[in-house]
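Structural features, examined
Now for the letters of each chain:
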Amino acid sequence: NIINSAFRCNFRNTSGGAVQIHDDVHVDFDGCTFAGNEANASAGGAVSIQNNAVVSFNNTFFTCNFTSGGTTYDGGALDIESGSNVTITGSNFKSNGSPDATWTASADTRYGGAIYAAGAAASLVTLTISNTIFDGNVAGTGAGIYLNDANTTLTNNYFTANDANAEGGGVFVAEGNNLATLSFSNNTFTGNNASGSCTGIDVFTEAHINGANNDL
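Predicted model only: the values in this text are computed from it and were never measured. (Residues numbered from 1 in each chain as written. Predicted model: local features only at pLDDT ≥ 70, side-chain atom pairs only at ≥ 80, totals over all residues. Heavy atoms only, no water.)

Moving on, we get to the pairing of strand β5 (residues 26-30). Across a regular strand the side chains alternate sides, sitting on one face of the sheet and then on the other. Burial of β5 is one-sided: the residues V27 and F29 facing one way are buried, the residues H26, D28 and D30 facing the other way are not. Alignment of strand β1 (residues 2-3) against β5, held across two bridges, turns out to be parallel. Paired with I3 across the strands is D30, a residue of β5. Bridge analysis of β5 against strand β9 (residues 54-58) gives five bridges, and the strand direction is parallel. Paired with H26 across the bridge in β9 is V54. (Buried < 20%, exposed > 50% of the residue type's maximum accessible area, 1.4 Å probe, protein only. Helix = DSSP H or I, 4+ residues; strand = E, 2+ residues; numbered from the N terminus. Pairing = 2+ DSSP bridges.)

Okay, structure coming up:
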C-alpha cells in the first residue's frame, strides 16, 4: 500500500508521468496527491495502469496532470488499459488534461482529461468510481472520463465545469465492441461544456447505459 504520499512535477517520455503499474501488479493508494505530472508523447499524465493490474485510489487528489507532445495521447491523469481493474473512492480530479486548464489543439490530452479507460473484446477494463469529484478537466473528447470497452460503475459522483473540445464534457462512452456493462446512478452533472457538432455537454454515449437517479 502507498499511503499519504505526494507525486509532484514528474516527467517521463513514456506512459505514466509519475507511476507505471503493469502486468498483474496490485497497488492501493490512500490519501495521496498527484500534481503537475506529465507523460510526453504517451498516455497517463500521472499514472498508467495496464496488463491486468489491480489498483485502488481512496481519498486521492489529482490536479494539473496531463499528456503532451501532440493531441494523440490519452488520460490526463489516469490511463487504464488491457484488462486492468481500478476502483476509485472519495477522490478528486481537478484541472487535468492541460498544464493551464485550457485545451490546446495539437498539444494537450486527446481522450479523457481525467481518466481514459479502454479495453478490448478479450480484455475488458473494469472501472468502479464512487463519491468522487471531477472539476474543470479538459480534453479533446471526454473531458472527465473517456470509456471504451470498459465495464463501468459510476455512483454518487459530481461532474462540474469539465470542458471537451468535441463531445462528452462530463463522460464520453465509445461503442467499442459493445460488450461492456455500464451503470450510472446518483451522479450529478452541472456546468460542463462540449463544443463538438454532437456535443453531449454532460454525457455523450454510443453504447447502452443502465442509469438511475442521475441529475443532468
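Before going further, it helps to examine the packing of aromatic side chains. Going through the model one piece at a time under the given rule, you end up with 15 aromatic pairs. A ring pair is formed by F7 and F34, whose centres lie 4.6 Å apart and whose planes are at 5°; its orientation type is stacked. Here F7, found in strand β2 (residues 6-8), pairs with F34, found in strand β6 (residues 33-35); they are 27 residues apart in sequence, far enough to count as distant. Considered together, F7 and F34 belong to a single accessibility category, that of buried residues. Taking 5.0 Å as the distance between ring centres and 5° as the angle between the ring planes, the aromatic pair formed by F172 and F204 counts as stacked. Of this pair, F172 sits in strand β23 (residues 171-173) while F204 sits in strand β27 (residues 203-205); the two residues are 32 residues apart in sequence, bridging distant segments of the chain. For F172, a relative accessible area of 8% translates into the label buried. Judged by its relative accessible area of 18%, F204 falls in the buried class. Taken together, F7, F29, F34, F57, F62, F93, F134, F159 and F189 form an aromatic cluster joined through their ring pairs. Against the face of Y111 rests R110, its NZ or CZ located 4.3 Å from the ring centre. (Phe/Tyr/Trp six-rings, centres within 6.5 Å; stacked < 30°, edge-to-face > 60°. Lys NZ or Arg CZ within 6 Å of the ring centre and 35° of its normal.)

Another aspect to go through is unusual backbone geometry. Although it is not a glycine, D24 sits at a positive phi angle of roughly 65°. Here D24 shows up in the loop between β4 (19-22) and β5.

Along the chain, N85 falls in strand β13 (residues 85-89). Using a relative accessible area of 29% as the deciding quantity, one classes N85 as partly exposed. Measuring from C-alpha to C-alpha, the distance between N85 and P99 comes to 28 Å, with 14 residues separating the pair along the chain. Setting aside chain neighbours within four positions, we find N85 in contact with A53, V54, V55 and T126. (Contact = heavy atoms within 4.5 Å.)

This part takes up the nonpolar core. Counting 38 residues, the largest nonpolar core has F29, F34, F57, L78, I115 and L147 as the members making the most contacts within it. The biggest single contributor to this core is strand β16 (residues 125-130), with three residues. Each residue touching I115, except ones within four places of it in the same chain, is listed here: L78, I80, I88, F93, L127, I129, F134, G144, I145 and Y146. By size, the runner-up hydrophobic cluster in this structure holds six residues, among which are Y116, A118, F172 and F204. (Core = buried A, V, L, I, M, F, W, Y, C linked by side-chain atoms within 4.5 Å.)

Take the pattern of salt bridges next. Considering all chains together, one arrives at two salt bridges under this definition. When the shortest N-O distance is used, the salt bridge between R110 and D74 registers 3.0 Å. Separated by 36 residues along the polypeptide, R110 in the loop between β14 (92-94) and β15 (115-118) and D74 in the loop between β11 (66-68) and β12 (78-81) bring together distant segments of the chain. For K94, the salt bridge is made with D135, and the minimal N-O distance between the two is 3.2 Å. (Salt bridge = Lys/Arg side-chain N within 4 Å of Asp/Glu carboxyl O.)

Turning our eyes to something else, we now look at the sheet that holds β27. Strand order in the open sheet formed by seven strands is β4-β8-β12-β15-β19-β23-β27, with parallel pairing between adjacent strands. The two strands at the open ends of the sheet, each matched to only one other strand, are β4 and β27. Each strand axis lies, on average, 5° off the axis of its neighbour in the sheet, ignoring direction. Where strand β19 (residues 145-148) meets β23, three bridges bridge the pair, whose relative direction is parallel. Directly across from Y146, in β23, lies its bridge partner F172. (Axes fitted to C-alpha atoms, helices over the stretch in contact; angles between N-to-C directions.)

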